[in-house]
Amino acid sequence: MDLLKLVALDNDDVEVLSAHAQDSVVKIGDIMWRPAERRVIVILNRFDWEGAQTLTPPYRRRRAALRFERVTGFKHRHVACSEKDAVLNLLAIEFTPTDAPAGHVTLTFSGGCALRLDVECLEAELADLGPEWATAACPAHIDAEAVKTA
């Protein structure tokens, strides 16, 4: 698998970035807010969804960095910042414009946890950092519509 490097500058780009980052696992201690640099960096173990479409187990994960620039504010919900070894499961990344080009980037995690970044404009990057490793499990998602009709 080649190293992934994606840049997001608009909402369509964020949707692609979110798809590739979905089901990444993140240690709380690997979330870095650098207000003097106006930057947020999240180091994560990214699940290889692209490879999972063509490969049989073992599935793959890879260490990656998710970086946001021009960040003017950082808020969190239900994230125990003192629990540096606690692990979060990333579900989605979304951009909501406020006063264009400014807006909010929301990283939604399982269990009701979330990060909200206030940004001057959208400037994000997802980049793989190194080698991949095997993982036996492929994340599974419940189809909410199927549950409602059952």
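Refer to the structure printed above.
So, here's what we can say about the structure. (Residues numbered from 1 in each chain as written. Predicted model: local features only at pLDDT ≥ 70, side-chain atom pairs only at ≥ 80, totals over all residues. Heavy atoms only, no water.)

Our next topic: the side chain of Asp23. Examined against the element boundaries, Asp23 turns out to sit in the loop between helix H1 (11-21) and strand S2 (25-27). Within the buried set, Asp23 has no salt-bridge partner at all; the shortest N-O distance to an opposite charge, 6.5 Å, is to Arg61. Leaving out residues up to four positions away in the same chain, Asp23 has contacts with Phe47, Trp49, Arg61, Asn89, Leu90, Pro139 and His141. (Helix = DSSP H or I, 4+ residues; strand = E, 2+ residues; numbered from the N terminus. Buried < 20%, exposed > 50% of the residue type's maximum accessible area, 1.4 Å probe, protein only. Lys, Arg positive; Asp, Glu negative; His and termini not counted. Salt bridge = Lys/Arg side-chain N within 4 Å of Asp/Glu carboxyl O. Contact = heavy atoms within 4.5 Å.)

So, about the pattern of salt bridges. For the structure on display, the rule yields 15 salt bridges. When the shortest N-O distance is used, the salt bridge between Glu37 and Arg39 registers 2.6 Å. Across the salt bridge formed by Arg70 and Glu123, the nearest N and O atoms sit 3.0 Å from each other. With a gap of 53 residues between them, Arg70 in the loop between strand S5 (59-69) and strand S6 (71-77) and Glu123 in the loop between strand S9 (114-119) and strand S10 (124-135) connect regions that are remote in the sequence. For Glu123, a relative accessible area of 29% corresponds to the partly exposed category. Ionic contacts of the salt-bridge type, sharing partners, join the residues Lys5, Glu37, Arg39, Arg67, Glu69 and Glu125 into one network.

Two strands pair when backbone bridges link them, and strand S1 (residues 5-8) and S10 are joined in this way by four bridges, in the antiparallel orientation. Bridge assignment links Ala8 to a residue of S10, and that residue is Ala124. (Pairing = 2+ DSSP bridges.)

Moving on, we come to unusual backbone geometry. Each neighbour pair has its own omega, and for Ala100 with Pro101 the value is 10°, a cis peptide bond. Position of Pro101 among the secondary structure elements: in the loop between strand S7 (87-97) and strand S8 (103-109). Within the chain, Arg70 stands out as a residue other than glycine whose phi angle is a positive 60°. The exposure class of Arg70 is partly exposed, given its relative accessible area of 37%. Residue His78 is not a glycine yet carries a positive backbone phi of 60°. Of note, His78 is situated in the loop between S6 and S7. For His78, a relative accessible area of 61% corresponds to the exposed category.

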